[in-house]
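Fold and contact review
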Amino acid sequence: EKEEEADIKEKVSHSTAVTKQHLVQWESALKRNSLPSWRELVKAFQAAVATAKGEEETDLKYCIVDPDMVNKVILLSLGNTSQLLHHHLGDSPTASPKWGKLKMSLKSYLTSLTELLALLTSDDVLCAVMRHCKAMLSYYAAFSRLLKKYIKQHIMVWGSKAELSRVVAFTCLQAVVKKMPVFLEELLKKMYTEYTKCSKMMSPKSRDNIVLMRNCLVELFKINPSITYTTGFLYIRQLAVTLRSVIVNKKETETVYNWQYVNCLHVWVSVLADCDACLQPLIFPLIQVMMGTLKLHSSPCFHPLHLHVIRMLLHLGASTNKHIPLLHPLLEILEFCTAPHKAPATKPIDLTCVLRVTKGYKKTKAFQEGVFELTYELLLNYTSQLSLSISFPEVAFPITVWLKKWNKRCTIPKYTGQIKQILEKVDTVSREMTDRRSSVTFSPKDLEKVTQWESELPESALTKYFNTWLRIHRYFSAKLFP
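Residues numbered from 1 in each chain as written. Predicted model: local features only at pLDDT ≥ 70, side-chain atom pairs only at ≥ 80, totals over all residues. Heavy atoms only, no water.

What about the layout of surface pockets?
Empty space among the atoms can be located by rolling a probe the size of a water molecule over them. Counted only if it meets this: The pocket and cavity definitions rest on a 1 Å grid over protein atoms only: a 1.4 Å probe that fits but cannot leave marks a cavity, an open set with protein on both sides within 12 Å along at least five of seven lines marks a pocket, and residues lining either have an atom within 4 Å of a point. Grid points are joined across faces, edges and corners, and a volume is the space filled by probe spheres set on the points. Each helix is a run of DSSP H or I of at least 4 residues and each strand a run of E of at least 2, with the numbering of both proceeding from the N terminus.
Taken as a whole, the largest pocket spans an internal volume of roughly 1400 Å³. If you trace the largest pocket, you find 46 residues lining it, with R311, T352, L374, E377 and H473 closest to the centre. Looking at the lining of the largest pocket, the elements with two or more residues in it are α11 (207–221), α13 (259–273), α15 (303–320), α18 (365–386), α20 (413–437) and α22 (461–480). Considering each element in turn, the lining of the largest pocket owes the most residues, 12 residues, to α22.

Let's talk about helix α6 (residues 123–135)
Keep this limit in mind: For a helix, the expected span equals 1.5 Å multiplied by the residue count minus one. Should any heavy atoms of two residues lie within 4.5 Å, those residues are considered in contact.
Given a rise of 1.5 Å per residue, 13 residues ought to cover 18 Å, and the 18 Å separating the end C-alpha atoms of α6 matches this to within 8%. Each element contacted by the buried residues of α6 is listed here: α4 (67–89), α5 (99–117), α7 (137–140), α8 (144–160) and α9 (163–179).

Considering unusual backbone geometry
Put simply, the test is: For each residue, the accessible area found with a 1.4 Å probe, counting protein chains only, is set against the maximum for its type, and the residue is called buried under 20%, exposed over 50%, and partly exposed in between.
Look at N33: it is not a glycine, yet its phi comes out positive at around 55°. Tracing the backbone shows N33 in the loop between α2 (20–30) and α3 (35–53). At N321, a residue that is not glycine, the phi angle is positive and equals roughly 60°. With respect to the helices and strands, the residue N321 is situated in the loop between α15 and α16 (327–334). On the accessibility criterion, N321 (69% relative accessible area) is exposed.

Remarks on α5
The cut-off we apply is this: At every residue, the bend is computed as the angle between two fitted axes, covering the seven residues ending there and the seven beginning there respectively.
With 19 residues, α5 should reach 27 Å at 1.5 Å per residue; the first-to-last C-alpha distance of 25 Å fits that figure. Remark: the principal bend of α5, roughly 30°, maps to S105. Burial in α5 covers these residues: W99, L102, S105, L106, Y109, L110, S112, L113, T114, L116 and L117. Looking at the packing, one finds that the buried side of α5 touches α3, α4, α6, α7 and α8.

Topic: a positive patch on the surface
Worth spelling out the cut-off: Only residues whose relative accessible area exceeds 30% and that form no salt bridge enter a patch; like-charged residues are grouped when within 9 Å of one another, and nonpolar side chains (Val, Leu, Ile, Met, Phe, Trp, Tyr) when within 5 Å. We get accessible surface area from the Shrake-Rupley algorithm with a probe of 1.4 Å; when it comes to residues, only the shown protein chains can shield them. Definition used for salt bridges: Asp or Glu carboxyl oxygen within 4 Å of a side-chain nitrogen of Lys or Arg. Only four residue types enter the charge count: Lys and Arg as positive, Asp and Glu as negative, with His and the chain ends excluded. The atom standing in for a charge is NZ when the residue is Lys, CZ when it is Arg, CG when it is Asp and CD when it is Glu.
Together, K103, K107, R145, K148, K149 and K152 make up a positively charged patch on the protein surface. Mapped by element, the contributors of at least two residues to the positive patch are α5 and α8. Among the elements that make up the positive patch, the one with the highest residue count is α8 (four residues). Relative to the assigned elements, K103 resides in helix α5. Note on K103: relative accessible area 36%, which makes it partly exposed.

Quick notes on the packing of α4 against α5
Note the following rule: Comment: axis = line fitted to C-alpha atoms, over the contacting stretch for helices; angle = value between 0 and 180 degrees taken between N-to-C directions. Crossings are sorted by hand: turned counterclockwise from the far helix by less than a right angle, the near helix makes the crossing left-handed, and turned clockwise it makes it right-handed. Asp, Glu, Lys and Arg are counted as charged, while Ala, Val, Leu, Ile, Met, Phe, Trp, Tyr, Cys and Pro are counted as nonpolar; the rest, among them Gly, fall into the polar class.
As a packed pair, α4 and α5 sit with axes 12 Å apart at the nearest point and diverge in direction by 150°. For α4 against α5, the interelement crossing comes out left-handed. Every residue of α5 that contacts α4 at I74, S77, L78, T81, L85, H88 and L89 is listed here: W99, L102, L106, Y109, L113 and L116. Of the residues belonging to the contact of α4 with α5, the class tally is 10 nonpolar, three polar and no charged.

With respect to the pattern of salt bridges
For the structure shown, the criterion picks out 13 salt bridges. K43 is the salt-bridge partner of E40, the closest N and O atoms lying 3.7 Å from each other. Pair noted here: E40 and K43 are both in helix α3, with a separation of three residues, about one helical turn. The exposure class of E40 is buried, given its relative accessible area of 17%. Two residues, K190 and E186, come together in a salt bridge whose shortest N-O distance is 2.9 Å.

With respect to the packing of aromatic side chains
Note the cut-off: Only Phe, Tyr and Trp rings are paired, with Trp represented by its six-membered ring, and only when their centres lie within 6.5 Å; those with planes under 30 degrees apart are stacked, over 60 edge-to-face, the remainder tilted.
The final tally for this structure, using the stated rule, is 18 aromatic pairs. The interplanar angle of 45° and the centroid separation of 5.7 Å between the aromatic rings of Y192 and W268 together place this pair among those described as tilted. Taken together, the residues Y192 in helix α10 (residues 184–198) and W268 in helix α13 connect sequence positions 76 residues apart. With centroids separated by 5.5 Å and ring planes inclined at 65°, the aromatic side chains of F336 and F367 adopt a geometry described as edge-to-face. Of this pair, F336 sits in the loop between α16 and α17 (359–362) while F367 sits in helix α18, and the two are 31 residues apart along the sequence. Considered together, F336 and F367 belong to a single accessibility category, that of buried residues. Feature note: the residues F372, Y376, W406, Y415 and W469 constitute an aromatic cluster, connected by ring pairs.

Details of empty space enclosed by the protein
Tallied over the entire structure, the rule returns two cavities of 30 Å³ or more. In this model, the largest cavity occupies a volume close to 50 Å³. Here the element with the most residues in the lining of the largest cavity is α15; it accounts for four residues. Its residues assigned to classes, the lining of the largest cavity comprises four nonpolar, two polar and one charged.

What to know about the environment of L457
Residue placement: L457 occurs in the loop between α21 (447–455) and α22. Exposure remark for L457: the relative accessible area of 16% places this residue in the buried category. As a C-alpha pair, L457 and L388 span 69 residues in sequence and 7.1 Å in three-dimensional space. Those residues within four positions of L457 in sequence are excluded, and the remaining contacts are L388, M433 and R436.

Details of the confidence of the model for the chain
The condition is simple: Per-residue confidence from the prediction method is given by pLDDT, with values spanning 0 to 100.
Per-residue confidence for the chain gives a mean pLDDT of 91, with 96% of residues at or over 70. Within the model, the stretch residues 1–13 combines pLDDT values under 50 with seven contacts to residues more than four positions away or in other chains.

This is the structure:
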């Protein structure tokens, strides 16, 4: 203790300790927009950040002995700097005649401010500092290295902190793109890389954060379609090369069958689901990659992953008005549910956060029921989407044939009863569609008239049944997996 006191005294002898009198004096002067007082405050702010970092030996003018003084100096700096700088430098800082006099002090302040971001643990304080950083963006723009540090720190917050901090960090990054569009491509690549790092694992706790990050990325990708095309081409090709290397070189499927790969696919599905015409050429390669992912390994252990990919394909097909043949993958999964599993009963797991299960769990009734419920939902979704097409009677024929054959093989009454309901709805919609189109005056080659006719169709019986079933299913799932 005596040695520590001696060190503090030695530190104070070299530097001036910040006192309450200093703060009162600076606060009073800052109300008059005093530049000399602000420069002194910047030096004290540097000392506060150095103290927060735990640096003991510094050659700064000021030092902080009282820990409570750190917060007071930081609050005083955050509360007055932006207003004072705007008063003296205006809206175009570098064009102001005072820029030369304030440049070095401002650079020191921004450096310490960026360092402070990396030290904060409280979400409320972190959000307040990030909002201040956003207000200081015009000044960051004058220092390219500091701006890169600004981007790096906010991306780290966006990828690792609580939800509110992530949202505020994203708004700060959005502000960079709005003010300096030239940084968009670089920012997209860095954020995408951070997303891939943070999406290696999925759990009920981390799912919301991954979805938030994905939505943020999609929002930025909408800004400039031409940059999105070049970036999307690069990363979709990367996914395709990874898949090809697994197939050709017979590598382990885990190279592709992992959350990082699946979440990357999900980003591009979300981007292309609502895209401009210039991005349309990317849709087919993405579908090919996803279909290849489905066919890579057919083991029932990977059925949760197969269902994830099919769900994404359904979303992409519905959003882009493209037919993706998914009947065969769905029926392959249904084959797993033809005979009851007799392994000891176990607690059901949330398959929406799982990609594969163990060989032991694969044989349980809980897993079989979970797989059937999800497959049934996707099959309903698939037929519901098709029911809005003028060609539904023809498309429905193979679906009806395959499902009837499956019903004959299945020995579980609960499952056959549910499939019969789909068959009844399919038959009803086929008859209605046949009656409706019997009175049309255009031919199949009149695509515009066909599209207009389809857009005027009322909600089908399949769609109504699917929406009702989905509400009930989600209600019970929320109770089962709160």
